[in-house]
Amino acid sequence: MPVREEMELKDILLIIQKRLGIIALITVVAVAASAIISFFLLDKIYETSTTLMVGNTQNYQGDDIEYNTILVSQKLAKTYSIIAKSDRVLDRVIEKLEIDMKPSQLRNRITVSSESDTEIIRITVQDVDPGFAMDLANALAQVFMEEVVSIMKLDNVQIIDIAKIPGTPVKPRPVMNIAIAGVLGIMLGIGLVFLVEYLDNTIKTPEDIERYVGLPVLGIIPMMKNRQKNDL
């Protein structure tokens, strides 16, 4: 009878059960490595943010706000982001904070986004030093407020919320990293087990004969170990 090419669910479970130790070992190693990296090697990143309202007072008529003006302000979010992270603004921030850094080094720490359906923008800063993150966010908001008035000819730019010192880091996330490493370890272990099983074409048990050859086992010849007796 021909060898069966298709693997049944029972065969898959048997393979996993037979090499469960390999899967467990790879998973434990992956989890342990992730824990060591997350807790001891990766820097803790802190995040804080400040919000500003950007607009023109002439576009406000009493309690009524022109809808088109709000839409225009929302679409200017990318413009505000470019201005906030421009060398013109960052050079002033560096001078204000008296730090020895380049604009490119600060730019990587800064994110500028628009709050949905509003004229409010949020400046977010991430850094390993929570105090510096707060100082950078507040200095950036102040300088940006002054520069955007000059560049965009706006007259209604004001800070709503100032940045505060963050209490807990936002990165790394050890629990999530360990969970992901555990899942990846299991998947890698199972993949390796099936690869080993695929490359192993030897028959080790009577069940293997019945499973792969399709012939019944009539008898088994056991292997006898040679015993050597010491002469007295």
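Every value quoted in this text rests on a predicted model; they were computed, and no experiment measured them. (Residues numbered from 1 in each chain as written. Predicted model: local features only at pLDDT ≥ 70, side-chain atom pairs only at ≥ 80, totals over all residues. Heavy atoms only, no water.)

Caption draft 1: Molecular detail of the confidence of the model for the protein chain. A residue-level look at the protein chain finds 79% of positions with pLDDT of 70 or above and a mean pLDDT of 84. Segment residues 1-5 is flagged for pLDDT under 50; beyond a separation of four residues in sequence, or across chains, it makes seven contacts in the model. (pLDDT = per-residue confidence, 0-100. Contact = heavy atoms within 4.5 Å.)

Caption draft 2: Quick look at the sheet that holds strand β5 (residues 120-127). Taken together, four strands build an open sheet; the order of strands is β4-β5-β1-β6 and the sheet is antiparallel. Sheet topology places β4 (110-114) and β6 (156-161) at the edges, where each strand pairs with a single neighbour. In this sheet, neighbouring strand axes are inclined to one another by 25° on average, regardless of whether the strands run parallel or antiparallel. Note: β4 against β5, five bridges, orientation antiparallel. (Pairing = 2+ DSSP bridges. Helix = DSSP H or I, 4+ residues; strand = E, 2+ residues; numbered from the N terminus. Axes fitted to C-alpha atoms, helices over the stretch in contact; angles between N-to-C directions.)

Caption draft 3: Expanded view of the packing of aromatic side chains. Tallied over the entire structure, the rule returns one aromatic pair. Centroid distance Tyr-80 to Phe-144: 6.2 Å. Interplanar angle 80°. Geometry classified as edge-to-face. One end of the pair, Tyr-80, is in helix α4 (residues 77-84); the other, Phe-144, is in helix α7 (residues 130-152), and 64 residues separate them in sequence. Note on accessibility: Tyr-80 and Phe-144 belong to one class, buried. (Phe/Tyr/Trp six-rings, centres within 6.5 Å; stacked < 30°, edge-to-face > 60°. Buried < 20%, exposed > 50% of the residue type's maximum accessible area, 1.4 Å probe, protein only.)

Caption draft 4: Broad picture of the packing of helix α5 (residues 87-97) against α7. At a minimum axis distance of 9 Å, the contact between α5 and α7 shows a crossing angle of 130°. For the element pair α5 / α7, the angle class is oblique. You can see that α5 and α7 cross each other, and the crossing is right-handed. Across the interface between the two elements, Arg-88, Val-89, Leu-90, Arg-92, Val-93, Lys-96 and Leu-97 from α5 touch Phe-132, Asp-135, Leu-136, Ala-139, Leu-140, Val-143, Phe-144, Glu-146, Glu-147, Ser-150 and Ile-151 from α7. The residue makeup of the contact of α5 with α7, split by class, is 11 nonpolar, one polar and six charged. (Parallel < 35°, antiparallel > 145°, perpendicular 65-115°, else oblique. Left-handed = near helix turned anticlockwise from the far one by under 90°. Nonpolar A, V, L, I, M, F, W, Y, C, P; charged D, E, K, R; others polar.)

Caption draft 5: Up close: unusual backbone geometry. Residue Pro-172 follows Lys-171 across a cis peptide bond; omega there is -10°. At Glu-98, a residue that is not glycine, the phi angle is positive and equals roughly 55°. Looking at where Glu-98 falls in the secondary structure, it is placed in the loop between α5 and α6 (103-107).

Caption draft 6: Quick look at the pattern of salt bridges. The full count for this structure, using the stated rule, is eight salt bridges. Residues Arg-88 and Glu-147 are paired through a salt bridge, measuring 2.6 Å at the closest nitrogen-oxygen approach. Linking Arg-88 in helix α5 with Glu-147 in helix α7, this pair joins segments that are 59 residues apart in sequence. For Arg-88, a relative accessible area of 46% corresponds to the partly exposed category. Connected through shared salt-bridge partners, Arg-88, Arg-92, Glu-146 and Glu-147 make up one network. (Salt bridge = Lys/Arg side-chain N within 4 Å of Asp/Glu carboxyl O.)

Caption draft 7: Up close: the nonpolar core. The biggest cluster of nonpolar side chains holds 31 residues, and the ones touching the most others in it are Val-93, Leu-106, Ile-110, Ile-123 and Phe-144. Elements that contribute at least two residues to this core include exactly β1 (46-55), α4, α5, β4, β5 and α7. Of all the elements, α7 adds the most residues to this core, at 12 residues. Ignoring sequence-local partners within four residues, the contact set of Val-93 consists of Leu-106, Leu-136, Ala-139, Leu-140 and Val-143. (Core = buried A, V, L, I, M, F, W, Y, C linked by side-chain atoms within 4.5 Å.)

Caption draft 8: Seen up close, the environment of Ser-81. Its location among the elements puts Ser-81 in helix α4. On the accessibility criterion, Ser-81 (12% relative accessible area) is buried. Residues Ser-81 and Ile-121, spaced 40 residues apart in sequence, show a C-alpha to C-alpha distance of 9.0 Å.

Caption draft 9: Structural view of α4. For α4, the full list of buried residues reads Ala-77, Tyr-80, Ser-81, Ile-83 and Ala-84. The buried residues of α4 all sit within an arc of 165° when viewed along its axis, so they share a single face. Facing away from the buried side of α4 by more than 90 degrees, the exposed set consists of Lys-78 and Ile-82. (Arc of directions from axis to C-beta.)

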